[in-house]
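Descriptive structure summary
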Amino acid sequence: MTTVRETGKLPEARWCPSPNFGPRPDDASVSLLVVHNISLPPGRFGGPEIEDFFCNRLDHTAHPYFETIAGMQVSAHALIRRDGSMVQFVSLLDRAWHAGRSNFQGEEECNDFSIGIELEGADDVPYTEDQYRQLAATAHLIMTAWPAITSERLTGHCDIAPGRKTDPGPAFDWSHFRAVLANAAVAGE
């Protein structure tokens, strides 16, 4: 039986490959999980725009906000939709372009050693219970595959790029997420 560490693919995710990735540096080892949020246009959920954006096919004329992100090439390893369904864009073995200029406890360029998970959401909109459950199950799977990702190495984009990024925002309940993660760990053992 192959594992997520061998394939780089999350078993519950629908595969939607993004061209926005690269190899990890030879000396990098995966040791951080970064939680993000995204909605396109901002505050609107459920459409194809996030997938289109990460796959460089977003129609930048479809909404005024899209003109402000024209030409950007970004990705994440996966996206968890409001209903808990998951889409994967980049193999966990590769370097997704999710963190930008970033620093975690003195380690620069977090893309090199992290896995980025986007939640369909906004800083000030509560996340769904389905999202917390899917994020916890996914984090548990990733932490099992890469034991260097401990609970102390689960962080938000705002924490690795302060002043530049605010996600997952004050609406993300870290205490609740950690409790759901603890339950997922117990259930998964």
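Our subject is the structure listed above.
In this report, we go over the structure that sits alongside the text. (Residues numbered from 1 in each chain as written. Predicted model: local features only at pLDDT ≥ 70, side-chain atom pairs only at ≥ 80, totals over all residues. Heavy atoms only, no water.)

What about the layout of surface pockets?
Of the voids in this model, the largest pocket is the one considered here, and its volume is about 630 Å³. Looking at the largest pocket, it is lined by 28 residues, and the ones nearest its centre are N37, I38, F53, H157 and K165. For the lining of the largest pocket, the secondary-structure elements that each account for two or more residues are strand 3 (32-38) and helix 2 (49-54). Tallying contributions element by element places strand 3 first for the lining of the largest pocket, with three residues. Across the lining of the largest pocket, the residue classes tally to 12 nonpolar, 11 polar and five charged. (1 Å grid on protein atoms, 1.4 Å probe; cavity = no way out; pocket = protein on both sides within 12 Å on 5 of 7 lines; lining within 4 Å. Points joined across faces, edges and corners; volume = space filled by probe spheres on them. Helix = DSSP H or I, 4+ residues; strand = E, 2+ residues; numbered from the N terminus. Nonpolar A, V, L, I, M, F, W, Y, C, P; charged D, E, K, R; others polar.)

Some words on the nonpolar core
By size, the foremost hydrophobic cluster in this structure holds 30 residues, and its most contacted members are I142, W146, I149 and F177. Residue assignment for this core shows that the elements contributing at least two residues are strand 3, strand 4 (78-80), strand 9 (114-120), helix 4 (129-145) and helix 6 (174-188). In contact with F177, other than residues within four places in its own chain, are Y132, L135, A136, A139, L154 and F172. Of all hydrophobic cores here, the second largest spans 17 residues; its members include F53, C55, A76 and A96. (Core = buried A, V, L, I, M, F, W, Y, C linked by side-chain atoms within 4.5 Å. Buried < 20%, exposed > 50% of the residue type's maximum accessible area, 1.4 Å probe, protein only. Contact = heavy atoms within 4.5 Å.)

Thoughts on the pairing of strand 3
Most of strand 3 sits out of view: seven of its seven residues are buried. The side-chain alternation of strand 3 yields two buried faces, one formed by L32, V34, H36 and I38 and the other by L33, V35 and N37. As paired strands, strand 3 and strand 9 are joined by seven bridges and run parallel to one another. Within the sheet, the bridge partner assigned to V34 lies in strand 9 and is G116. (Pairing = 2+ DSSP bridges.)

Remarks on the packing of aromatic side chains
Tallying each qualifying case throughout the model produces eight aromatic pairs. Ring centres of Y127 and F172 lie 5.6 Å apart, and the angle between their planes is 80°; on these two criteria the pair is classed as edge-to-face. Of this pair, Y127 sits in the loop between strand 9 and helix 4 while F172 is found in the loop between helix 5 (157-160) and helix 6, placing the two residues 45 residues apart along the sequence. Taken together through their ring pairs, the aromatic side chains of Y127, Y132, F172, W174 and F177 make up a single cluster. A cation over a ring is seen here: K9 above W15, with NZ or CZ 4.3 Å from the ring centre. The positively charged end of R82 is found above the aromatic ring belonging to F45, 4.4 Å away from the centroid. (Phe/Tyr/Trp six-rings, centres within 6.5 Å; stacked < 30°, edge-to-face > 60°. Lys NZ or Arg CZ within 6 Å of the ring centre and 35° of its normal.)

Description of helix 4
Each full turn of the α-helix corresponds to 3.6 residues, which orients residues three or four apart in the same direction. With 17 residues, helix 4 ought to run about 24 Å at 1.5 Å a step, and its terminal C-alpha atoms sit 24 Å apart, in line with that. When we look at burial in helix 4, the residues that qualify are Q131, Y132, Q134, L135, A136, T138, A139, H140, I142, M143 and A145. (Expected span 1.5 Å × (residues − 1).)

Some remarks on the side chain of H77
Along the polypeptide, H77 turns up in the loop between helix 3 (64-68) and strand 4. On the basis of relative accessibility, which here comes to 0%, the residue H77 falls in the buried class. Only 2.9 Å separates the side chain of H77 from the backbone oxygen of D94, close enough to count as a polar contact. (Polar contact = N/O pair within 3.5 Å; in protein donor to acceptor, adjacent residues only side chain to side chain.)

Examining the pattern of salt bridges
Here the structure, examined in full by the defined rule, presents eight salt bridges. Measuring nitrogen to oxygen at the nearest pair gives 2.8 Å for the salt bridge that ties E109 to R101. Through salt bridges with shared partners, a single ionic network connects R14, E51, R81 and E120. (Salt bridge = Lys/Arg side-chain N within 4 Å of Asp/Glu carboxyl O.)

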